[in-house]
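Descriptive analysis of the structure
Take a look at the letters that make up each chain.
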Amino acid sequence: MKKRALSLLITCLVSNVSNSAEHKLTGLIDSRVSQVDGINSHVNGNYGKFRFDEGDNISLSQAIVNYHLDFDIPISLNVVAIAYADGIDDSIGISEATIKYQAIPNSSGLRFSARAGIMYPKISLENNATGWTSPYTLTYSTLNSWIGEEVKHTGLELTLDILGKFRQSKHDVSISASVYKNNDTTGTLLSWRGWTQSSRQTLWHERLPVPPVKARFGGMLKHQAAETDPFIELDHRYGFEANVFWQWNNKLKLRVGHYDNNADTKVFKNGQYVWETIFSHSGLSYKLTPSTTLISQFLTGDTLMTSPWGMPVVENDFQSAFLLITHKNKSHRYTVRMEEFSVTDNDTTPDDDNNEYGKSATLSYQYRFSRHLFLHAEYNWLDSTRPARTYANQDIQLTEQQYQLAAKYYW
Amino acid sequence: MIKFLTFIFVYILSIGVMATEFKVTDVLGAPASGIAVYLIPQDESKLNDLWANQTNTASTKTIISQENKKFSPYLSVTSKQNPIVFDNKDDITHHIYSIDKENSFDFKLRSGEQKSDISFAKKTTIAMGCNIHDWMAGHLLIVDTPFYGITNIDGKVVFSDLPDIGFKLKLFHPQLSEVDNDREITFTLTTKPFLVKLIEPITATPLQQDTSEFDFVEGYE
């Protein structure tokens, strides 16, 4: 019965494609020259906070294709594919794939929509451009870098929009709730590696190397695989996520939300532990003037990994916040971002110190040559204290700096 | 005798049809532009006669454009006899809808396309939006009289060929107060402009402005 319904749906969609669907391809090509003054990148399992290794690097840092298929019925498909050729870990694959239904608002301005597939929960106020990129900076905040690295899932998201314009109101409200799977190891890298500042989103097929935490080598973490699979499903339980988004008068956007992956930490398979990760987040975007915008986000939560018998092994609290101000003057855009972040280790597992505290400052300048072409220069300064770096014979207290020059072509 | 008859004829004609100017001002006396103004006979049974005498005036199309991701004009007024054309001048698709329960419609209009098969049976107001670009807002007023218009930048609207049968003037704008939208104003035909002053302030018309400041935004928020 299910198969018949599915084949009917597919036939219906395919016949719709040939009749009246509309295809749209958009994307981004982002090539960069970078220099890092610090240590080698976390992308290869090191403790470096940036995406690129120490020294100079020339890269195709991302090539993004977004395929959008819009049917005449109120259903659309969206697939985002990304390729990285950065010489650190070259990769190509799918980042997002969703099917969306969006109804017409009713006479009170209420509108229902539903989205299913591989998606990001609605958290970031930075990453709103093609392929979940940021129009403001080359690197994302530590907060949103983590969302891009470990907080994606397959799920069903239901949204109710309340459009104010039909009541002569300047307030728009959007309430979303999701159930999801494929999120069981979320929190692994945030614990063992800490916050990073990246522009690399984890692709659906990718596995990410775990840093050399001492307890992994004969200690309490010896059963952990060398790589974590951020989107694996092990406990077959649904996680939950909900958020409220409020917009006022084209000026203010405010979001608060809560995330709970509702994981069963007693499950352990093929070197992958299940982590129970719960966090709350809030974000604000405010237009100070028509050309100056302030964006700020805050995220706080905790994560727990236990033995198969339920004994806590890793128990961490984490927090990250940033304040970004961006100003546009004709073809020029200037952006400043300040950040503070921490991980607090609450367990007593030996040789696994996850404590971290850090601050970061980002200066970014972008010049728009044409509608599509941007030249972007950025400086990142990141100072952090992380005792775990001694496991790799690196300094506990470390200041890392990154310089990048990028040519970005949005199409 | 012929002179006298000519005089009588010209006299009757000049009473029968007059160009009449109306000026709408806000509470402070400044011109109120973009306001729909329409006239209905005080004796509404005369509506049919009005239409009967209008047969020689060709019905004009009402064009509602989608341009720069905005409804243009923001407010359109037309009679139920006139055809309505939706004209997408943008290089992207719009998904236009009405939220009116009795006159609900929605359709996708691709770049450069027009749609002209939507009509309305009776007097009504329609609030419209685009289901892809939520900031877009447009309104349509359908009247059952041939005498309607939108005030220009000076707050003025002119009706020519107005028969002297006694009219009530009505105003409409989505941002007018209920008091002003519900008002029925009686007037006598004179050669002087007739002044209508709003009773309550008009709130700001929506800017229909995309809140994002970047061209390549994909709706992640």
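For the structure itself, consult the block above.
Attention here is on the structure that accompanies the text. For clarity, every value in this text was computed on a predicted model and none was experimentally measured.

1. With respect to the pairing of strand β15 (residues 292-306) of chain A
Residue and element names in this part refer to chain A. In this sheet, β15 lies alongside strand β14 (residues 275-289) in antiparallel orientation, the contact comprising 14 bridges. If you follow S285 over to β15, its bridge partner there is I295. Turn length for the β14-β15 hairpin, with the two strands adjacent in sequence and antiparallel, is two residues. Pairing of β15 with strand β16 (residues 312-329), which is carried by 15 bridges, proceeds in the antiparallel orientation.

2. What about the interface of chain B and chain A?
At the junction of the two partners, chain B supplies 29 residues and chain A supplies 29 residues. Of all the secondary-structure elements, those providing two or more residues to the side of chain B that touches chain A are β8 (106-109) and β10 (124-130) of chain B. Across the side of chain B that touches chain A, the residue classes tally to 11 nonpolar, eight polar and 10 charged.

3. Describing the sheet that holds β8 of chain B
All names here are of chain B. Spatial strand order, β5-β11-β10-β7-β8: five strands in an open sheet with mixed pairing. The open sheet terminates on both sides in strands that have one partner only, identified here as β5 (75-79) and β8. In this sheet, adjacent strand axes meet at a mean angle of 25° when their direction is disregarded. Bridge count between β10 and strand β11 (residues 137-143): six bridges; the pairing is antiparallel. Within the sheet, the bridge partner assigned to G129 lies in β11 and is A137.

4. Structural notes on the pairing of strand β1 (residues 22-37) of chain A
All names here are of chain A. Bridge count between β1 and strand β2 (residues 55-70): 15 bridges; the pairing is antiparallel. Within the sheet, the bridge partner assigned to T26 lies in β2 and is N66. Where β1 and strand β20 (residues 397-410) come together, 10 bridges link them in antiparallel fashion. Residue R32 lies in a different strand from β20, and its bridge partner there is A406.

5. Here's the deal with unusual backbone geometry
Of note, the bond from S72 of chain B into P73 of chain B is cis; its omega dihedral lies within 30 degrees of zero at 0°. Structurally, the position occupied by P73 of chain B is in the loop between β4 (70-72) and β5.

6. Focus: the nonpolar core
Judged by nonpolar contacts, the single largest core of 40 residues is most densely connected at A36, V37, Y38, L141 and L171 of chain B. When near neighbours in sequence (up to four residues on either side) are disregarded, V37 of chain B contacts F22, V24, Y148, G149, T151, V157, L169 and L171 of chain B. Counting 29 residues, the second largest nonpolar core, distinct from the first, contains W192, V213, F318 and A388 of chain A.

Rules behind the numbers
- Residues numbered from 1 in each chain as written.
- Chains lettered and ligands numbered in written order.
- Predicted model: local features only at pLDDT ≥ 70, side-chain atom pairs only at ≥ 80, totals over all residues.
- Pairing = 2+ DSSP bridges.
- Helix = DSSP H or I, 4+ residues; strand = E, 2+ residues; numbered from the N terminus.
- Contact = placed C-beta atoms within 7 Å.
- Nonpolar A, V, L, I, M, F, W, Y, C, P; charged D, E, K, R; others polar.
- Axes fitted to C-alpha atoms, helices over the stretch in contact; angles between N-to-C directions.
- Core = buried A, V, L, I, M, F, W, Y, C linked by C-beta atoms within 7 Å.
- Buried ≥ 20, exposed ≤ 12 C-beta atoms within 10 Å, placed from the backbone.

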